[in-house]
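A closer look at the structure
Read off the chains here:
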Amino acid sequence: MLKYAGIILGVLVLAGCTPPTPEQAADRCEERARAAQAPDVGLTVGASTDGGPFASASIGVSADLLRGRDPLEVYETCVINLTGQPPIRPARLRAL
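The notes below deal with the structure included here. On a predicted model such as this, the values are computed, not experimentally measured, just so you know.

Criteria and cut-off values
Residues numbered from 1 in each chain as written. Predicted model: local features only at pLDDT ≥ 70, side-chain atom pairs only at ≥ 80, totals over all residues. Heavy atoms only, no water. Helix = DSSP H or I, 4+ residues; strand = E, 2+ residues; numbered from the N terminus. Buried < 20%, exposed > 50% of the residue type's maximum accessible area, 1.4 Å probe, protein only. Contact = heavy atoms within 4.5 Å. Patch = residues over 30% accessible without salt bridge, like charges linked within 9 Å, V, L, I, M, F, W, Y side chains within 5 Å. Areas by Shrake-Rupley, 256 points an atom, 1.4 Å probe, with all protein chains shown as cover. Salt bridge = Lys/Arg side-chain N within 4 Å of Asp/Glu carboxyl O. Pairing = 2+ DSSP bridges. Polar contact = N/O pair within 3.5 Å; in protein donor to acceptor, adjacent residues only side chain to side chain.

So, on to the environment of Pro-87. Summarising the element assignment, Pro-87 is placed in the segment after helix H4 (71-83). Overall, the relative accessible area of 26% leaves Pro-87 in the partly exposed class. Spatially, the C-alpha atom of Pro-87 lies 7.2 Å from that of Pro-22, the residues being 65 residues apart in sequence. Among all residues touching Pro-87, those that are not within four sequence positions of it are Tyr-75, Glu-76 and Val-79.

With that out of the way, let us pick up the side chain of Glu-30. The residue Glu-30 is located in helix H2 (residues 22-37) in this model. Residues in contact with Glu-30, not counting those within four places in the same chain, are Tyr-75, Arg-89, Pro-90, Ala-91, Arg-92 and Leu-93.

Among the surface-exposed residues, Val-41, Ile-59, Val-61 and Leu-66 lie close enough to one another that they form a single nonpolar patch of about 450 Å² accessible area. Position of Val-41 among the secondary structure elements: in strand E1 (residues 40-48). On the basis of relative accessibility, which here comes to 61%, the residue Val-41 falls in the exposed class.

So, about the pairing of E1. For E1, the tally of buried residues reaches only 0 of 9 residues, placing the bulk of the element at the surface. Note that E1 and strand E2 (residues 52-60) share 9 bridges and pair antiparallel. Paired with Gly-42 across the bridge in E2 is Ser-58. Where E1 hands over to E2, the hairpin turn is made up of 3 residues, counted between the paired strands.

What follows is about the pattern of salt bridges. Per the counting criterion, the structure on display carries 9 salt bridges. Across the salt bridge formed by Glu-30 and Arg-34, the nearest N and O atoms sit 3.6 Å from each other. Of this pair, Glu-30 and Arg-34 both sit in helix H2, 4 residues apart, which is roughly one turn of the helix. Judged by relative accessible area, which is 3%, Glu-30 ranks as buried. Arg-69 is the partner of Asp-64 in a salt bridge, and the nearest nitrogen-oxygen pair spans 3.0 Å. Each of Glu-23, Asp-27, Glu-30, Glu-31, Arg-34 and Arg-89 takes part in a single network of salt bridges with overlapping partners.

With that out of the way, let us pick up the side chain of Asp-64. If you trace the backbone, Asp-64 turns up in helix H3 (residues 63-67). At 3.0 Å, the side chain of Asp-64 forms a polar contact with the side chain of Arg-69. In contact with Asp-64, not counting residues within four places along its chain, are Arg-32, Ala-36, Arg-69 and Val-74.

Right, here's the structure in full:
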């Protein structure tokens, strides 16, 4: 039984090491490029019957944003690093 567990674990590790498809790489790199565009801001406001009103806020800033990198460059470089090929489509970024 232990012998088969090692084989299964090896297969799972190898499956995790396969490069992403060009579409998966584009999706993943678009997220990274969007993070390079602007901070990610979150705000939660609500009320509970036990504790009354509550609020919380969060701000996320990527290293690419702090460095001032061009989001399109971030996208293209990311796709090339993941697949070894240029992007299959232009980045779909949010309008600022």
